[in-house]
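For reference, the chains in residue letters:
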Amino acid sequence: MTAKVSLNPFISKEKVSHVIVDGRISKETMNNFAEMGIHIVKTPCCRDLYPQIAGHPDILLHPVTKKDFVVAPNVFTYMERALGPLGYNVIPGEKVLSRNYPDNIAYNVARISNFALHHTKFTDPVLSNLLQEYEIPLIHIKQGYSKCAVCAITDQAVITADRGIAKAVEKLGVEVLLITPGYIVLPDMEYGFIGGSTGFVGNNKLAFYGSIYKHPDSRRITDFLAAYHIEPIFLGDEMLRDFGSIIPLN
């Protein structure tokens, strides 16, 4: 029987040729991607945002499908030049991002199975309409940094430290591993998020910016991944760090 291919653009079971990452990741991390045979597409640093998230891919753009990307006008020209030659459809969003919450969350939409979750009052209209066009239901939640806070490992399982998201996801029939908040570095902030410190790099491999073993729930996380046949890949030995979700390109 052929395995079902996930429609979630953040999940990749097959080979990944490129990944979109914060352009400020370390040289060591870049080399780790290169050793896996993966090319990187760097995001620019958006000076309209506060520095800690200014290059985070999940803040600047959203992959509606595995071919269609809605991108904030702030960085549209740059990302069109980066993704267009690779064969991707790059669509300008309407909402111009600005420094503070909630004016920086328009594209930070979580994807679980064939659903999208976000604080719908602030979702970019172009993105919202395109989700509707592709028949992807958009579900309202209170957490505006929705994608930052969620790591979907399959269409049936996610990891999050956000209790509100956990309740919403469980109503969809999805299994949730609820982890301890914190223990993920986001410089000059209280802490970062699990979604923003992870991303698939193909072939059922989930990459972490740093080592999961620095997290108090490391055993629970690795057991959860193993139950779904997901292999963790560590891009460093330090504490987990939130650089924004790694977005796989097939």
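Here, the structure is the one placed above.
What counts, and where the lines are drawn
In every chain, residue numbers begin from 1 and rise along the written sequence. For a predicted model such as this one, the threshold for reporting local features is a pLDDT of at least 70, and the threshold for listing and counting side-chain atom pairs is 80 or more; totals across whole chains, interfaces and linings nevertheless cover every residue. The basis for the side-chain values is all heavy atoms of the structure; hydrogens and waters are excluded. Note on pairing: DSSP must find at least two bridges between two strands before they are called paired. Secondary structure elements are defined from DSSP: runs of H or I of at least 4 residues count as helices, runs of E of at least 2 residues count as strands, and each element is numbered from the N terminus. Angles run from 0 to 180 degrees between N-to-C directions of axes, and those axes are lines fitted to C-alpha atoms, restricted for helices to the stretch in contact. When accessible area is computed with a 1.4 Å probe and restricted to protein chains, residues below 20% of their type maximum are described as buried, those above 50% as exposed, and intermediate ones as partly exposed. Throughout, right-handed denotes a crossover for which the path from the first strand over the helix to the second runs clockwise when the strands point away from the viewer.

1. As for the sheet that holds strand E14 (residues 205-208)
Right, so step 1: Read from one edge of the open sheet, three strands run E13-E14-E15, paired in mixed fashion. Each end of this open sheet is capped by a strand with a single partner; those strands are strand E13 (198-200) and strand E15 (231-234). Averaged over all pairs of adjacent strands, the angle between their axes in this sheet comes to 30°, without regard to strand direction.
Right, so step 2: Across three bridges, the pairing between E13 and E14 is antiparallel. Along E14, the bridge assignment pairs glycine 199 with alanine 207.

2. Considerations on unusual backbone geometry
Right, so step 1: With an omega of 5°, the peptide bond between tyrosine 101 and proline 102 qualifies as cis.
Right, so step 2: The residue tyrosine 183 is not glycine, and still its phi comes out positive at about 65°.
Right, so step 3: Within the secondary structure, tyrosine 183 is located in the loop between strand E11 (175-178) and strand E12 (184-185).
Right, so step 4: Classification of tyrosine 183 by relative accessible area gives partly exposed; the value is 42%.

3. Brief notes about the pairing of strand E10 (residues 157-160)
Right, so step 1: The alternating pattern of E10 places Ala157 and Ile159 and Val158 and Thr160 on opposite faces, both of which are buried.
Right, so step 2: Here strand E9 (residues 150-154) runs beside E10; their pairing, made up of four bridges, is antiparallel. Counterpart to cysteine 151 in the pairing with E10 is isoleucine 159.
Right, so step 3: Two successive antiparallel strands, E9 and E10, enclose a turn made up of two residues.
Right, so step 4: One ladder, built from four bridges, connects E10 with E11; its direction is parallel. Considered in E11, the bridge of isoleucine 159 is made with leucine 177.
Right, so step 5: The β-α-β motif built from E10, the intervening helix H5 (residues 163-170) and the parallel element E11 has right-handed crossover chirality.

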